[in-house]
Amino acid sequence: MYAFFRQLYQKYYESLVAYAYHYVNNWEISEDIVQEVFLILWTKREDVDFTEPIKPYLYKAVYNKSMNHISSTYTQTRVGMDSTDEMINRIIVECNQYDTLLAKETAKEIETAINGLSPQCKKIFLLSREQHLKNKEIATLLEISEKAVEKQITKALGEIRNHLKQLGLLPAWLFLFFLK
């Protein structure tokens, strides 16, 4: 377990520090935040399912610790209203930028997964999601049974979900958002 944890630390430490830095604007504090996240992960290692992608968990934990730091710093220093508005606006912009990048990366990977489907499965899935056709309409159009349409859509969703899961990009809300 120690070797695995050490690999996680080496793999994600620098990018997590850079991520925290975007919020707290202080490299040393960013390093402290990331070290604290890894310390908590180590102490709770028995409760963490390491078979699931750990990257989203780490980024969310660093984000939460960064927000806690900003909140406590704000409370301690009692920043003036102009500075507070500036800080809040900066945080909102940076959160939106990260979410936009994550959404773009996920959309690209969903497209990659869809392109990897068999031609029939891809066609049925796209008719359902892009043309917004009902299963019955697809079945009539392609002269197949509704059950076959359902199976192909289920297969497509499973393959897309597995592709995203392997990449650590499977927050449930994002998956549902892109496949509406």
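### Structural notes on unusual backbone geometry
A positive phi angle is found at Asn-25, which is not glycine, with a value near 60°. Notably, Glu-143 is not glycine yet its phi reads approximately 55°, a positive angle. Relative to the elements of secondary structure, Glu-143 occurs in the loop between helix H6 (135–142) and helix H7 (146–167). For Glu-143, a relative accessible area of 74% translates into the label exposed.

### Digging into the side chain of Ser-66
Mapped onto the elements of the fold, Ser-66 is located in helix H3 (residues 55–77). In this view, Ser-66 contacts Ala-20, Tyr-23, Val-24 and Ile-33; residues no more than four positions away in its chain are not counted.

### Observations regarding the pattern of salt bridges
Working definition: two side chains of opposite charge can pair if their charged atoms are close together. Per the stated rule, a full pass over the model turns up one salt bridge. Glu-36 is paired through a salt bridge with Lys-65; the nearest N and O atoms lie 3.0 Å apart. Note that Glu-36 is positioned in helix H2 (residues 27–43) and Lys-65 in helix H3, a separation of 29 residues in sequence. Judged by relative accessible area, Glu-36 falls into the partly exposed class, the value being 37%.

### Describing the packing of H6 against H7
Contact geometry for H6 and H7: axes closest at 8 Å, N-to-C directions at 110°. Relative to H7, the element H6 lies roughly perpendicular. Judged by the twist between their axes, the crossing of H6 over H7 is right-handed. Across the interface between the two elements, Asn-135, Lys-136, Ile-138 and Ala-139 of H6 pack against Glu-146, Val-149, Glu-150 and Ile-153 of H7.

### Some remarks on the packing of aromatic side chains
To describe a pair of aromatic rings, you give the distance between the ring centres and the angle between the ring planes. One pass over the structure, following the stated rule, counts six aromatic pairs. Measuring from centroid to centroid gives 5.2 Å for Tyr-19 and Tyr-23, while their planes differ by 85°, and the two rings are edge-to-face. In this pair, Tyr-19 and Tyr-23 both sit in helix H1 (residues 2–24), four residues apart, roughly one turn of the helix. By relative accessible area, Tyr-19 is classed as buried at 8%. Look at Tyr-23 and you get buried, because its relative accessible area is 2%. Chaining the aromatic ring pairs together yields one cluster made of Tyr-19, Tyr-23, Tyr-59 and Tyr-63.

### Here we look at the environment of Lys-122
Mapped onto the fold, Lys-122 is located in helix H5 (residues 119–129). Separated by 31 residues in sequence, Lys-122 and Ile-153 have C-alpha atoms that sit 8.6 Å apart. Leaving out residues up to four positions away in the same chain, Lys-122 has contacts with Ile-114, Asn-115 and Leu-117. For Lys-122, the side chain forms a polar contact with the side chain of Asn-115, separated by 3.0 Å.

### Digging into H6
Residues of H6 that are buried include every one of Ile-138, Ala-139 and Leu-142, and no others. Projection of H6 onto a plane perpendicular to its axis shows the buried side chains occupying an angular sector of 100°, all on one side. Across from the buried face of H6, at angles greater than 90 degrees, the exposed residues are Lys-136, Thr-140 and Leu-141. Glu-143 lies just past H6 and shows a positive phi near 55°.

Cut-offs used in this document
- Residues numbered from 1 in each chain as written.
- Predicted model: local features only at pLDDT ≥ 70, side-chain atom pairs only at ≥ 80, totals over all residues.
- Heavy atoms only, no water.
- Helix = DSSP H or I, 4+ residues; strand = E, 2+ residues; numbered from the N terminus.
- Buried < 20%, exposed > 50% of the residue type's maximum accessible area, 1.4 Å probe, protein only.
- Contact = heavy atoms within 4.5 Å.
- Salt bridge = Lys/Arg side-chain N within 4 Å of Asp/Glu carboxyl O.
- Axes fitted to C-alpha atoms, helices over the stretch in contact; angles between N-to-C directions.
- Parallel < 35°, antiparallel > 145°, perpendicular 65-115°, else oblique.
- Left-handed = near helix turned anticlockwise from the far one by under 90°.
- Phe/Tyr/Trp six-rings, centres within 6.5 Å; stacked < 30°, edge-to-face > 60°.
- Polar contact = N/O pair within 3.5 Å; in protein donor to acceptor, adjacent residues only side chain to side chain.
- Arc of directions from axis to C-beta.

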